[in-house]
Structures are given as structure tokens and as C-alpha cells.
Amino acid sequence: MRLIAAFLILVCSFAAAAQTTDTATLQGTVTDQTNAAVPHAAVTVENALTGLHREATADTNGYFVVAGLPVAGAYKVTVTGPGFAAAEVDHVVLAAGSAAQVSVRLNVAVASANVIVTGAANDVRIDQPQLGIRLSEQQIEETPLYSRRITYLPLLSAANRPAINQGDVFMNEDLFTTNGAGRRQTWFEIDGSTGNDSWGRQTLFTNVPQMAVDEMSVLTNAFTAQYGGGTGSVVNIVTRSGGNSLHGQVLELWRPSGPEASLSGFTTANASSGNDLTNDALGQTAASIGGAFGKDQLNHFFLAGEFNRQDRASPVISPLDPGPYIGHYRGWLGFLRLDRQFNAHNNGFLRVNMDHFYDTNPNGIVGGNSLPNVARIFRRYTYAGELGETSVLTPHMVNNARLQFQLASPITEFDPVVFSTQFVVPITSSCGSTACGTFTSGTSQSALLMNRQYVANETLAIAYGHHDITFGGSVIDAHTGGNSKEFGGPIYLGSFTYFPCPQPVSVCESSDYLNSIANVQSYQQSYGNANYTVDDQLWALFAQDDYRVSHRLTLNAGLRYERQTFTDAALSFAPRVGFVFDMTGSGSLVARGGFGIYYSQIVDNEEASYALGGPQGVFNYTATPGQAGFPAAVSDAPLPAFPAGANAPVRSLYVRPGDSKYLDTFFPTSALNGYPDQLLNPYSEQWTLGIEHRFATQWLLSIDYVGTHTLRIVRPLDVDSPSYFARTEPGQVRTAQAANCTRPYWIYWYQQNGATCNTAKATNPQPPYSVIQTDVNDGYLHYDALDVNLSHAFSKRFEMLTSYTWSHTLDNVDPDTTSQNPNDANVTGEAEYGNAIYDQRHRFVLSGLYVAPLKVHIGGVTTLASGLPYNLTTGVVNNGDTGATTARPVINGAVVGRDTGRGNPIYSVGPFVSRSFPLYRDLVHLDLRAEASNVLNHANFVGYNGTYGNGATRAAGFGQPLVGIINQLPARELQFSAKFLF
């Protein structure tokens, strides 16, 4: 607490001007023709879109500042001085979170006045060494986007990489990774307040319609201390204001299934799951309207909405119900923003938006041999409401306050269409030329989780001399809870697994076969409590000083303190230092660099693992014929209670770190292998060095080196792991029972009970627990990259962004990905250090548009990238630590390293063409547009079969691409739209 108090004293001792993440600052100097300062010059700033009006007066040194300016619309700057003619400049567009410099030279003659603006939108940034790209409203509107989802826009920066094979696809949003960080490390900011979901941190809490976005900044190095809570990129979104004139648009979009290409690697006859889509059709209706209301033109509104109708076909190959199963996705986005300029010193806004959707086949549950009666409907309904107010307290002091309420009701809900006992039949007979696979019918897995968040942000900016200082704080109070977890966990109504069936499919899937208990190999049912709640607060204090040492050099220093109550970390201080040097003195070429520490948030749904996987959580009991708990008939399922006379199963646990007092009532944590006494937030040390150059009008080039060293990455680890099992030859295997006998808790338990563990077979009594997993902070990562961006802002009928990144990521565990078990739980350091699963060495993205003759717009997005790594596995549990290890094969006398496989290159070309037609006195226009994604239909695989096998030779199918939408980027698809604008 003394450190926190010292930090608060340091913050409050600063006096300085800057801006919040959704506003901007204009600052500059006024001189005369002899280059002498013009004191007390009057500066007027007026927004052409909304009419917002601000005034400032230059000090005795001719310096002025106008802070807290909304970035929507362009500004007109007028400067007058006694005895001088007025000087003015129009169409100054500001970028959110930045400060533009205005140099004004007054003269008696109007024609001699000179105004130079540097650091505005689409110009060299001269205030901070922050890296990233800014996307204007026009770029966002013109860029071809899959389903017009704004979460695909960050991929225009080559430093961001798709994370489709690392997370959930049922969110219907794009997930991506940046700077070696995981898919949960992006910080979303909307209108100066968080857009994050503390429960899962995968995408926006409440999405925003594309029509409602005024500007998006994708920061691959968010230098300022105002940002935190993540080690990846920052996506800063500023929504649209209404403006003084009434305007709007209505759009209808179609993505028909007819011209689309099929995904590669399967047919309708051999599809293995519902992710093997055969068509994907979309219809979308969107509309917006904005303008002013009230007599004084000081109130503005903007209203937008979107309705999506998406149908995806998954082939069912079972003869019981063959044919395409159509999964229906329906989504609604709503948005309302109200702006009000109260007076010359105060303006505010209210934003309300909602995001509703449901999917009747999430993650391809139905398809292949899985019948429609295993379907579950996924629902997610979220809402956000934000109040923002900007107060000009003095000419040099501006306060920005933001209050937000976010509600997810639910954040995740899975409801079985048919809530029933499950039947699983492995079918060994052939369906044509391929194996029939496993037949599945029925399910009782469900989930219902809620989340609500209260958010407050306060930022104070003061202009004082050569210092631009911002300080403030934020708090996110999150409350999450419910039943189960994603996809649903417990099988409360039971599941029958049948003996492999060699007969024809029609027999194996018949009711006679399924209702015969003689065909059942085992029966499993879940017991226990799946309910849990989480109360978590993420709060921060920050101070940032951008000190202009001279007109050419700016030094930056910041300090941020973060505290997440869900974790045990209490000293999360994040310093930032940097510089920007104007190499020419004209603001056209700068050298920049910085160093900073960035802390990561632990997602609240980790509590689901602890609650369901703990000693008093959910467990599965499995019985085989003749054992207690095996039903006498199929119709007897589910059992009403845990079967009398049955021995409790040996359970695998997942427990929270730092919970010894509770866990010691079940087993001694001191007997485990390094059970951690606390859960800490991971953090990254990141450094950058580069240049940014405006080498011609509207042309910007940036070249930057980015280095990252991430520490304390969280990994699941078995702390009751068996002894180390050395393998030097293929085929070496230790049985699970032999491995169990070497577990430290088992050794302790048998010693306490005066018994000996039978290494040959399980004999009762046995210890109640085997695998005891927890989260440990022993992961580390190194990332090195060269980022190159070349852009041309829209002028002369042309706009372009070219982005290239070379990078190399090495780690000993991949952040935020699935299947993170090591080869052996006893060795997690250098032996696990290798390529990250998202180590894509090269990525190039070209986007833009050109206005051709006849006002035809042409352009698109082209992506070229190297292949992604994949892990080699044996396909068996070699050391016997079932569920806690992923064994890699022995090749040339040693276990191979992590992620040593490498996939094929990825490329995609997505062109568009559009034309606007005037309809009524040039007041109404009709835009017709056609666009394509992956028009060359290149099979872009991101998932590969890494099962090398446990023998000396590789298994059949090793290294071959895996199929389905979780392993392959979309095939060729065409979208057509018609949009009316007025």
C-alpha cells in the first residue's frame, strides 16, 4: 500500500495537456513575420460536422492548446491577433488519442498568413512513439469485410494474424493475435471506455454496426500509459456523431450459396462433422440515420441497426437422417448515440448499443454421423450504455469522464434441442470408400452464464509549458456466474458408449441396436455441482507526460498501476519511456522508440475450471457391464443418484493456485510437485525503434522493429505428475497405473495407509485423485518483428495501405490456446521452448481503392502469408499421465521439439467494384457493389494432422491438412449489395 500511495502522490503532483483515447488535441504557436511570438492571439476551432465551437487564447509566448476535441468531422481553425489579418485553415482531421501541432505565422496582409499543421490524422505522429494504423470512415466503408464484421478490420495490419484454429468459431467474429500475445490479449476501447468482456476476453462485449464506426485505430504498440490490461494490440473505436444535416443510408446485402466454392478435403458423402460446411449463405439488412434535433443545432443523434440471416449447411451422412442440416444464425445489432454541446466549455454524449444473436448449429455440433437431435442452440445477448462528458475547466485544463454499464444476459447459453441421454456408436464398417466414423445421438450438456460490468474512467489533462501530461484512473467491476461452461460440461442424463459395430450403418444406428443393453460397452453419468460465481475488479491509475524538450524532440514518460482482484498480483507497475525526434524540423521525418511493460488480465472464466474441476465440483462415473451403476436396461438411464455400492472413481482435478487452506482438507498440497501459492498476471516487456516518413503529399512510410519478452504466462500443469519417463526410442509406453504409482500424492497416500500401490492393475482402495492440474506462471515468450507500413490517404482518387511484417515467435507454452499440455509435466522449460503455434514468419496485406473513370470504385484486400506451425504428437499417452500431457514422437533418438511441423503458404485475393448513381437532385444516391473473398479459391489451411504415430515411421495422413471451418479459412465467396444514401 505504501507503493500505491507513493504513486498517487506522484500522479497528483503533475500538472500538464493531452487527450483521452476518443478525443484529440490541437496545440501550437502563433508568431509574426519576424518569427516573434504573438501574445494573446485569439484561436477559434469549429467542427464542420456538428458545429462544435471552442476558443482559446495564446499565452505570452504565443502558445495555445485546445484539448478534448471530438474526432468526428473536420475542423476549421481561425487565428486572429491585434493588428494582424486573420489566418485560417480548413479540413483539419484529427486522430483519436493524438495531438496535432499548428504553426501559425500572422501578417498584416491576408495573403501572407501561413498555417502549417503537422501530426493530424494520416500524418507523421510527432507526440508519441505509438505504432499502428488508423482506418478512416471511408476506408472502413470501402474495405471488403466478411459479413461486414468490423472485427476483421485489424487484419489489415500485417502485425495481426488470424487465430481461427486457436479459439471458438461460434462467436461469428474474427479472433487474432499480435506481438506473440494470445487471442484473449486484445484490448478493445469504444468511445473512451472498455469494450472488453472480462469473462472471456475474446471479442467485443457488445459489437457495433459497421455504419456506426467513425474511426478505428489498430495499435500494435499502445505506448501511452492510458492503455493496459493486455499484452497484445489495442483496437480503439470511435463511433459516429449525427452532424447538423440529416443523412442516412439503407443497405441490403446478399451472399448467395450458388457462386461460392466448397471447402477442400471432403464431400457430402464423407463429411466427418458439422464444421465441414457445404454452403454458407448470408442476407443482411442495415440502416442508419443521423442529424440534429432541437432549435439550437446543439443536439445530434445517430441511429444504426443491422440484421443478419446466415444459413450454413452441414452434411449428415447417417442413413437415419441423411442430407444437409441447415444451421441458422440470426443476429441483431442496434446502436444509438446522442451528442450535446451544453456550452462553450462542456459537451457530452450518450451511447446505447445491443448485440443479440443465436446459432442453431454452433461449432458444427450436427453433421457427419451426429444427428440433428444432438443439436444445441447457442445464444448471446449483450447490451452497453455509456455516458461521456468533457469539461474545459480552464483554457489549459480539460477533464473527461466516462461511465458505462455492460450487461450480458446471457454471455453464453447452450440449450440442447432434445434434452436426452446420449448414444455413441463407433461404426467400423465402410461408407463407400471411407470409414463411417462415430454415430452420436442426443445430449444433456447445457450451459447458462451471465455477466454484468460497471465501468468508470476519469482523465484529467492540463497544459503547462512544454509538458503534455495526462493522469487518471479506471475501474471495471465485473460480476459473472451461472451453470457449467462453454458447450456445456456435465452429462447429467448419462451417455451410452457401444461396442464397435461392424455391421451396416442402418443396423448400427437402428433403434433395435441402440435399445439393446448387450451392445453397450460402458455407461457414463455426471454428478456434482456446476454452479459458480465470480466477482472481479480490474482497476488502474496512470500518469503520462509528453515533454517537448525542443521543437524537434519530445520525450515521453508514463507509469501505470493495475490491480485485478481475481489474481494475487499486487505490484503490477507498468512504466513507459520513449522519444520522438523530428529529424528534419518540418515534421515529415521522425525517429521514434520506446520501452514499456504491459500486464495481462486473467479471464474470469478460469473460475469455471476451478469450480467444476475442484474436489467439490463435477465428476463423471463410468461403469461397464457387471459393475455397480451399469443400468439393467437402456431405459433405466439416467440413474437417480450415485449408485449404491459403487466405488467413487479416481478423479482428475483442476484446482486454483494459492488455495492450500481449502485444498489441504482433501489432500496435502505440500506433497505435490510445486503447487503454486499464488496466481499472477502475465506481463510483457516490449521495446520498439523505428522511423516514420512523409516523403510526399499524403504518402507515409513507417519501418519499426518490435521486440517482446513475455513472462509469467499461465499454463495448465499437473502438479501431481508421475515421475519423469525418459524416451529415446519410438514405441516406449508406460501404463497409466504404473505412472499413477509414482505420483507424489499416491506415494504419500499409500504410505499413510500402510499399503503398496499395484503397478500392474488398479486395485481398491485407491487414492481418490490422480491428475491434479492447476495454473502455473512458468511460461515465457520471445517475439522479434520488423513492421513496415506504406499508406496513401485518399486524394487524387486513390487510397492505399500496404502492410508487411516479418516476425519470429518462440515460447515454451502458447498463450490462450487449447491443448497446452507439455510432453512431460516434469519438464516445462527449455525442453518445451520452440516455435509458437502462431509463428507466421511473413505476412503481407495490400488494401485500398481507386476511383476509375465513370466514377467506378475498384479495390480490395490481398493477403500473402507463410504457413503456420503445427505440433507433432504420438497419438498415445506415452508416459501414462492421461489428460495432462501431449506426447511428441521420438525421432533420431530424441523427442522432437514443439510445433516443428509447418503448414502451406496462405494467400487470398478479395476484390470489389462499386458504382454510385444519383437518383434525385443529387440528394439521393444508389450504390451498387460486388465483392469477393478468396476469389482465386486457394485452399488456405491453418490446421494440420500432427499425429506422427508412436512408431519409427510416420502414420498415414500425417502432415495432411485438416478440414472444416475450424481448420481452413473461407473458400471463394461473393457478396452483393445495394445501398441508398441520402
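Note that this is a predicted model, so its numbers are computed, not measured.

Thoughts on the pattern of salt bridges
This structure, assessed with the given rule, holds 36 salt bridges. Residue Arg402 pairs with Asp22 through a salt bridge whose shortest N-O separation is 3.1 Å. On the criterion of sequence distance, the pair formed by Arg402 in strand β22 (residues 397–416) and Asp22 in the loop between α1 (2–13) and β1 (23–31) is long-range, its members being 380 residues apart. A residue is classified by how much of its surface remains accessible, and Asp22, at 6% relative accessible area, is buried. The partner of Asp468 in a salt bridge is Arg548, with the nearest N and O atoms 3.0 Å apart. Of the two residues, Asp468 is situated in strand β26 (residues 467–483) and Arg548 in strand β29 (residues 531–548); the sequence distance between them amounts to 80 residues. Accessibility classification places Asp468 together with Arg548 in one group, the buried group. Within this structure, Asp191, Arg337, Asp339, Arg351 and Glu386 form a network of salt bridges that share partners.

Considering the side chain of Gln975
In this structure, Gln975 sits in strand β48 (residues 973–981). Among the polar contacts listed, one links the side chain of Gln975 to the backbone nitrogen of Ser147, at a separation of 3.2 Å. In terms of polar contacts, Gln975 uses its side chain to reach the side chain of Glu931, at 2.7 Å. Aside from chain neighbours lying at most four places away, what touches Gln975 is Leu145, Tyr146, Ser147, Leu253, Trp254, Arg255, Leu282, Arg929, Ala930 and Glu931.

With respect to the nonpolar core
The biggest cluster of nonpolar side chains holds 30 residues, and the ones touching the most others in it are Val425, Ile427, Phe496 and Tyr498. Elements with a minimum of two residues in this core: β23 (422–431), β24 (434–441), β27 (495–498), α3 (505–508), α4 (511–514), β28 (520–527) and β33 (619–623). Counting 27 residues, the second-largest nonpolar core is a separate cluster that includes Val38, Leu52, Phe64 and Ala87.

Section: the pairing of β29
Taken together, the 17 bridges between β26 and β29 define a ladder with antiparallel strand orientation. Across the sheet, residue Asp477 finds its bridge partner in β29, namely Gln537. The pairing of β29 with strand β30 (residues 553–564) spans eleven bridges and is classified as antiparallel. Of the residues in β30, the one forming a bridge with Asp545 is Ala557. The hairpin formed by β29 and β30 contains four residues between the paired strands.

A look at the UniProt feature "domain: TonB-dependent transporter Oar-like beta-barrel" (unreviewed entry) in the protein
As recorded in UniProt, the feature "domain: TonB-dependent transporter Oar-like beta-barrel" (unreviewed entry) lies at residues 334–566 and 567–893. A helix fraction of 8% and a strand fraction of 41% characterise residues 567–893, whose end C-alpha atoms lie 42 Å from each other.

Notes on the sheet that holds strand β2 (residues 42–47)
Taken in spatial order, the four strands line up as β3-β2-β5-β6 in an open sheet, and their pairing is antiparallel. Two strands bound the open sheet, and with one partner strand each, they are β3 (53–57) and β6 (87–92). Neighbour-to-neighbour, the strand axes of the sheet open up by a mean angle of 15 degrees, direction not taken into account. Sheet topology note: the β2/strand β5 (residues 75–80) ladder contains six bridges and is antiparallel.

Side note on the pairing of β28
Burial within β28 is extensive, with six of its eight residues counted as buried. Examined bridge by bridge, β28 and β33 share five bridges and lie antiparallel to one another. Directly across from Ser526, in β33, lies its bridge partner Asn620.

Quick look at the environment of Phe188
Note that Phe188 resides in strand β12 (residues 187–190). In this structure the C-alpha to C-alpha distance between Phe188 and Val218, which are 30 residues apart in sequence, comes to 9.6 Å. In this view, Phe188 contacts Ser193, Thr194, Gly195, Asn196, Gln202, Thr203, Leu204 and Val235; residues no more than four positions away in its chain are not counted.

Focus: the confidence of the model for the protein
When pLDDT is averaged across the protein, the result is 92; 97% of the residues are at 70 or more. Confidence drops under pLDDT 50 across residues 1–18; counting only partners more than four residues distant or on other chains, this segment forms 44 contacts.

Points about the side chain of Glu799
The topology assignment puts Glu799 in strand β38 (residues 798–811). Apart from the residues within four sequence positions on either side, Glu799 is in contact with Ser136, Gln138, Gln139, His792, Phe794, Ser847, Gly848 and Leu849.

Some remarks on the environment of Arg402
Assessed through its relative accessible area of 3%, Arg402 is described here as buried. Sequence-wise, Arg402 and Tyr705 are 303 residues apart; in three dimensions their C-alpha atoms are separated by 34 Å. At 3.1 Å, the side chain of Arg402 and the side chain of Asp22 are in polar contact. A polar side-chain atom of Arg402 sits 3.3 Å from the main-chain carbonyl oxygen of Asp191.

Thoughts on helix α8 (residues 744–752)
When α8 is considered as a whole, its buried residues turn out to be Pro744, Tyr745, Trp746, Trp749 and Tyr750. Turning to α8, the residues buried within the fold contact α7 (736–740) and β37 (769–795). Of the residues trailing α8, Gly754 is marked for its positive phi of about 60 degrees.

Considerations on the sheet that holds strand β7 (residues 99–105)
Taken in spatial order, the four strands of this open sheet run β4-β1-β7-β8, and their pairing is mixed. Where the open sheet ends on each side, the last strands, each with one partner, are β4 (63–70) and β8 (114–118). Taking the axes of each pair of neighbouring strands and ignoring which way they run, one obtains an average angle of 20 degrees across the sheet. Two elements, β1 and β7, share seven bridges in a ladder whose sense is parallel. Counterpart to Leu26 in the pairing with β7 is Ala100.

Some thoughts on a nonpolar patch on the surface
Together, Val250, Phe917, Leu919, Tyr920, Leu923, Leu928 and Phe980 make up a nonpolar patch on the protein surface, roughly 640 Å² of accessible area in all. Ranked by residues supplied to the nonpolar patch, first place goes to strand β46 (residues 906–920) with three residues. Assignment of secondary structure puts Leu928 in strand β47 (residues 924–933). Exposure remark for Leu928: the relative accessible area of 39% places this residue in the partly exposed category.

Cut-offs and rules
Residues numbered from 1 in each chain as written. Predicted model: local features only at pLDDT ≥ 70, side-chain atom pairs only at ≥ 80, totals over all residues. Heavy atoms only, no water. Salt bridge = Lys/Arg side-chain N within 4 Å of Asp/Glu carboxyl O. Helix = DSSP H or I, 4+ residues; strand = E, 2+ residues; numbered from the N terminus. Buried < 20%, exposed > 50% of the residue type's maximum accessible area, 1.4 Å probe, protein only. Polar contact = N/O pair within 3.5 Å; in protein donor to acceptor, adjacent residues only side chain to side chain. Contact = heavy atoms within 4.5 Å. Core = buried A, V, L, I, M, F, W, Y, C linked by side-chain atoms within 4.5 Å. Pairing = 2+ DSSP bridges. UniProt positions renumbered as here; feature names shortened; annotations may be inferred. Axes fitted to C-alpha atoms, helices over the stretch in contact; angles between N-to-C directions. pLDDT = per-residue confidence, 0-100. Patch = residues over 30% accessible without salt bridge, like charges linked within 9 Å, V, L, I, M, F, W, Y side chains within 5 Å. Areas by Shrake-Rupley, 256 points an atom, 1.4 Å probe, with all protein chains shown as cover.

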